[in-house]
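Residue strings, one per chain:
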Amino acid sequence: MPGACAVPGAEPDASRAGVSRARLAHIAAWSLALPEDEAARAAAGIVERTYPRGACICPRNTVLESWTGVVTGLIKIGTVSREGRSVTFTGVPAGGWFGEGTVLKNEARRYDIVALRSTRMAFMDRPTFMWLAENSVAFNGFLVRQLNERLGHFMALLEYDRLLDATPRLARCIASLFNPVLYPGAGDYLEINQEELGLLSGMTRQVANQSLKALQKDGVVRLEYGGITVIDLERLRSYGS
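About the criteria used
Residues numbered from 1 in each chain as written. Predicted model: local features only at pLDDT ≥ 70, side-chain atom pairs only at ≥ 80, totals over all residues. Heavy atoms only, no water. Pairing = 2+ DSSP bridges. Helix = DSSP H or I, 4+ residues; strand = E, 2+ residues; numbered from the N terminus. Contact = heavy atoms within 4.5 Å. Axes fitted to C-alpha atoms, helices over the stretch in contact; angles between N-to-C directions. Parallel < 35°, antiparallel > 145°, perpendicular 65-115°, else oblique. Nonpolar A, V, L, I, M, F, W, Y, C, P; charged D, E, K, R; others polar. Phe/Tyr/Trp six-rings, centres within 6.5 Å; stacked < 30°, edge-to-face > 60°. Buried < 20%, exposed > 50% of the residue type's maximum accessible area, 1.4 Å probe, protein only. Lys NZ or Arg CZ within 6 Å of the ring centre and 35° of its normal.

Chemist: Please set out the sheet that holds strand S6 (residues 97–98) residue by residue, giving values where relevant.
Modeler: The four strands are arranged S1-S8-S3-S6 in an open sheet whose pairing can be described as antiparallel. Every other strand in the sheet has two partners, leaving strand S1 (46–51) and S6 as the edge strands with one partner each. Relative to the sheet, helix H4 (residues 126–135) contacts strand S3 (66–72) and strand S8 (119–125), its axis offset from that of S8 by approximately 65°.

Chemist: Quick rundown of the packing of helix H6 (residues 166–176) against helix H7 (residues 194–201)? Include the residues and the values.
Modeler: The N-to-C vectors of H6 and H7 enclose an angle of 100°; their axes lie 10 Å apart at closest approach. Here H6 is positioned roughly perpendicular relative to H7, judged by the angle of their axes. Note on element contacts: H7 touches H6 through Leu197, Leu200 and Ser201, opposite Arg169, Leu170, Cys173 and Ile174. For the contact of H6 with H7, a count of residues per class yields five nonpolar, one polar and one charged.

Chemist: Quick rundown of the packing of aromatic side chains? Include the residues and the values.
Modeler: Applying the stated criterion across every chain yields a total of eleven aromatic pairs. Judged by centre distance (5.9 Å) and plane angle (40°), the ring pair of phenylalanine 139 and phenylalanine 142 falls under tilted. Here the residue phenylalanine 139 and the residue phenylalanine 142 both occupy positions in helix H5 (residues 137–163), the gap between them amounting to three residues, near one helical turn. Phenylalanine 142 matches phenylalanine 139 in its accessibility class, with the two residues each being buried. The structure contains a cluster of three or more aromatic residues connected by ring pairs, namely Trp30, Trp67, Trp97, Phe129, Phe139 and Phe142. Taking NZ or CZ as reference, arginine 49 lies 5.2 Å from the ring centre of phenylalanine 123, over its face.

Chemist: Explain the environment of isoleucine 75 to me, using residue names and the numbers behind them.
Modeler: The topology assignment puts isoleucine 75 in strand S4 (residues 74–80). Relative accessible area serves as the criterion here: at 0%, isoleucine 75 is assigned to the buried category. Separated by 18 residues in sequence, isoleucine 75 and isoleucine 57 place their C-alpha atoms 9.0 Å apart.

Chemist: Describe the pairing of strand S10 (residues 221–224), listing the residues and the values that go with them.
Modeler: Pairing of S10 with strand S11 (residues 227–230), which is carried by four bridges, proceeds in the antiparallel orientation. Within S11, the position partnered with valine 221 by the bridge is valine 230. Turn length for the S10-S11 hairpin, with the two strands adjacent in sequence and antiparallel, is two residues, and the turn residue glycine 226 shows positive phi of about 85°.

Chemist: I'd like to hear about H6, residue by residue, with values.
Modeler: Where burial is concerned, most of H6 is hidden: ten out of the eleven residues are buried. Restricting attention to buried positions, one finds in H6 the residues Thr167, Pro168, Arg169, Leu170, Ala171, Arg172, Cys173, Ile174, Ala175 and Ser176.

Chemist: Before we move on, could you go through the packing of H6 against helix H8 (residues 205–217) and cite the residues and values that matter?
Modeler: Two elements in contact, H6 and H8, have axes separated by 9 Å at closest approach and are oriented at 80°. Classified by the angle their axes make, H6 and H8 are roughly perpendicular. Of the residues in H8, those touching H6 at Ala166, Thr167, Leu170, Ala171 and Ile174 are Val207, Ala208, Ser211, Leu212, Ala214 and Leu215. When grouped by side-chain class, the residues that make up the contact of H6 with H8 number nine nonpolar, two polar and no charged.

As structure tokens, then:
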């Protein structure tokens, strides 16, 4: 079962630095607002790598001098205490970019990044990121929205983790993966299994299964083979209130 970064990730596949402008538009929705010269600079500073299920992409207290995005797959951001207690902060599905705060401050990441399934990541080197942050009006606008949305996201996660029972907690966890600002282009379907949902919401697979059935019976989600379709996102976001 994927957990903390106890084992390093497998060697990433070889990829030359830089992606095409078309590829950048495909993997980074934020790039669509950039002028052509800025988009070209962003594309030149990105490399992609693929990690197997359970791989440690970045262990806690490591300086990862790149801004990170999930191209395909699903990752878990969390940590493990000295006593062995695992704490999950959030999950990031395809389309999500994260870690801008630590790149801006040039500090070590305070969490583990673990692949919950085979996952392809995009890494923008820090010089490129900082150039965009210092010179691009469009990129700065995106960063402000991103950081503000992430603050609200984590405040909500803290609230439901402390106050809600299993089924409402799972509902809010699912809803958080459909945040249109943090994870654009998600649509209404998410490829995710019960084990992965349990890992992200801090519950066993069995409890996650029971909670999912309750949510489906209540008409807010529909269970599909290999994933979930959200029927009523607003109800899901406030489930249990």
